[in-house]
Amino acid sequence: MIIAGLDVSTTSTGCVKFELDDTTLSIISVERLGFKKLSETSKEVPPNGIIAYKDSQFNTFYHKLMFISSNIKTLLSGVNYVSFEDYAFGAAGKITMLAEACGHLKTHFFLEGASLRLYDPTSVKLYATGKGNSKKPDMFDSFSNKPHTSIVTDLPQIPVHKKGKNAGLRNKDGISPLSDIVDAYFLCDMLRSELMLRNG
């Protein structure tokens, strides 16, 4: 069985795929996919499983959406279940673009025969850390206790503030693509836990 977690955004979607044993639902393998927006002058070469892009590659938002979604669809070919982080209660800003990106992916996987599961952000944080108001560093700390931390060890870590009132503390907003992949991991792991409960 193949299941996945998707933390969708318009710039840096995180995706984690579990291949599970059909009987025990134990994890056989874990794969990641992340996206990183580069500056126009960057020469950075991302590690495997991370796709870098520059905004100049795309004429419109929809060209970027097709680029991101085609890579996700390739990784998740044959997926049985896909979990998405549902919209935040106080969502603001470019929520319309986010909704179109999520809707496109949900429709694709629905038509492919996958079962969809939506988890609200508070429940995902509660599942991951025991607190529904956790920040990205808290999510990462909980992930660090999981057996699959190798999927992010080659990625830049959450930066620490060097000055000001937050000096010495990690940025509460995390860092892409590491934080996106950690969130996607918990979405996938939460789905697996639910499947295990449903299957006794």
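Everything discussed here concerns the structure shown above.
All values derive from a computational prediction rather than experimental measurement.

Draft legend 1. Local environment of the packing of aromatic side chains. In total, this model carries nine aromatic pairs according to the counting rule given. A ring pair is formed by F18 and Y185, whose centres lie 5.4 Å apart and whose planes are at 65°; its orientation type is edge-to-face. In this pair, F18 is assigned in strand β2 (residues 14–20) and Y185 in helix α5 (residues 178–198), connecting sequence segments 167 residues apart. Centre to centre, the rings of Y53 and F67 are 6.3 Å apart; their planes meet at 65°, and the pair counts as edge-to-face. Residue Y53 is located in strand β4 (residues 50–53), and its partner F67 is located in helix α1 (residues 61–75); the two are separated by 14 residues in the primary sequence. An aromatic cluster of three or more residues is present, and its members are F18, F143, Y185 and F186. Lying over the aromatic face of F84, K106 brings its terminal NZ or CZ to 5.7 Å of the ring centre.

Draft legend 2. Examining the side chain of S69 more closely. Tracing the chain through its elements places S69 in helix α1. Excluding residues that lie within four positions of it along the chain, S69 makes contacts with H104 and L105.

Draft legend 3. Examining empty space enclosed by the protein more closely. Inspection of every chain in the model, using the stated rule, returns two cavities of 30 Å³ or more. As a volume, the largest cavity reaches approximately 80 Å³. Taken together, V8, S9, T10, T13, F61, K64, L65, I68, S69, I72, A101 and L105 form the lining of the largest cavity. It is α1 that contributes the most residues to the lining of the largest cavity, six residues altogether.

Draft legend 4. Region of interest: the layout of surface pockets. Its boundaries defined by the atoms lining it, the second largest pocket holds a volume of some 250 Å³. Around the second largest pocket, the lining residues are E85, K125, N133, S134, K135, K136, M139, K172, D173 and D183. For the lining of the second largest pocket, the residue count by class is one nonpolar, two polar and seven charged.

Draft legend 5. Fine view of the environment of S134. Along the polypeptide, S134 turns up in the loop between α3 (121–129) and α4 (136–143). Residue S134 is classed as buried on the basis of its relative accessible area of 3%. Among all residues touching S134, those that are not within four sequence positions of it are K125 and T129. One polar contact links S134 to T129, side chain to side chain, over a distance of 2.4 Å. Side-chain polar atoms of S134 contact the backbone oxygen of K131, separated by 2.9 Å.

Draft legend 6. A look at a nonpolar patch on the surface. Judged by side-chain polarity, F110, L111 and L116 come together as a nonpolar surface patch covering roughly 340 Å² of accessible area. The topology assignment puts L111 in helix α2 (residues 95–111). You can call L111 exposed: its relative accessible area is 65%.

Draft legend 7. How the structure looks around the nonpolar core. Counting 28 residues, the largest nonpolar core has V16, F18, I151, V152, V182 and F186 as the members making the most contacts within it. For this core, the element with the highest residue contribution is α5, accounting for 11 residues. If we ignore the near neighbours within four places in the chain, the residues touching V16 are I3, A4, G5, V30, E31, I151, I181, A184, Y185 and C188. Within the second largest apolar cluster, 23 residues are counted, among which are A4, Y53, A101 and C102.

Calculation criteria
- Residues numbered from 1 in each chain as written.
- Predicted model: local features only at pLDDT ≥ 70, side-chain atom pairs only at ≥ 80, totals over all residues.
- Heavy atoms only, no water.
- Phe/Tyr/Trp six-rings, centres within 6.5 Å; stacked < 30°, edge-to-face > 60°.
- Helix = DSSP H or I, 4+ residues; strand = E, 2+ residues; numbered from the N terminus.
- Lys NZ or Arg CZ within 6 Å of the ring centre and 35° of its normal.
- Contact = heavy atoms within 4.5 Å.
- 1 Å grid on protein atoms, 1.4 Å probe; cavity = no way out; pocket = protein on both sides within 12 Å on 5 of 7 lines; lining within 4 Å.
- Points joined across faces, edges and corners; volume = space filled by probe spheres on them.
- Nonpolar A, V, L, I, M, F, W, Y, C, P; charged D, E, K, R; others polar.
- Buried < 20%, exposed > 50% of the residue type's maximum accessible area, 1.4 Å probe, protein only.
- Polar contact = N/O pair within 3.5 Å; in protein donor to acceptor, adjacent residues only side chain to side chain.
- Patch = residues over 30% accessible without salt bridge, like charges linked within 9 Å, V, L, I, M, F, W, Y side chains within 5 Å.
- Areas by Shrake-Rupley, 256 points an atom, 1.4 Å probe, with all protein chains shown as cover.
- Salt bridge = Lys/Arg side-chain N within 4 Å of Asp/Glu carboxyl O.
- Core = buried A, V, L, I, M, F, W, Y, C linked by side-chain atoms within 4.5 Å.

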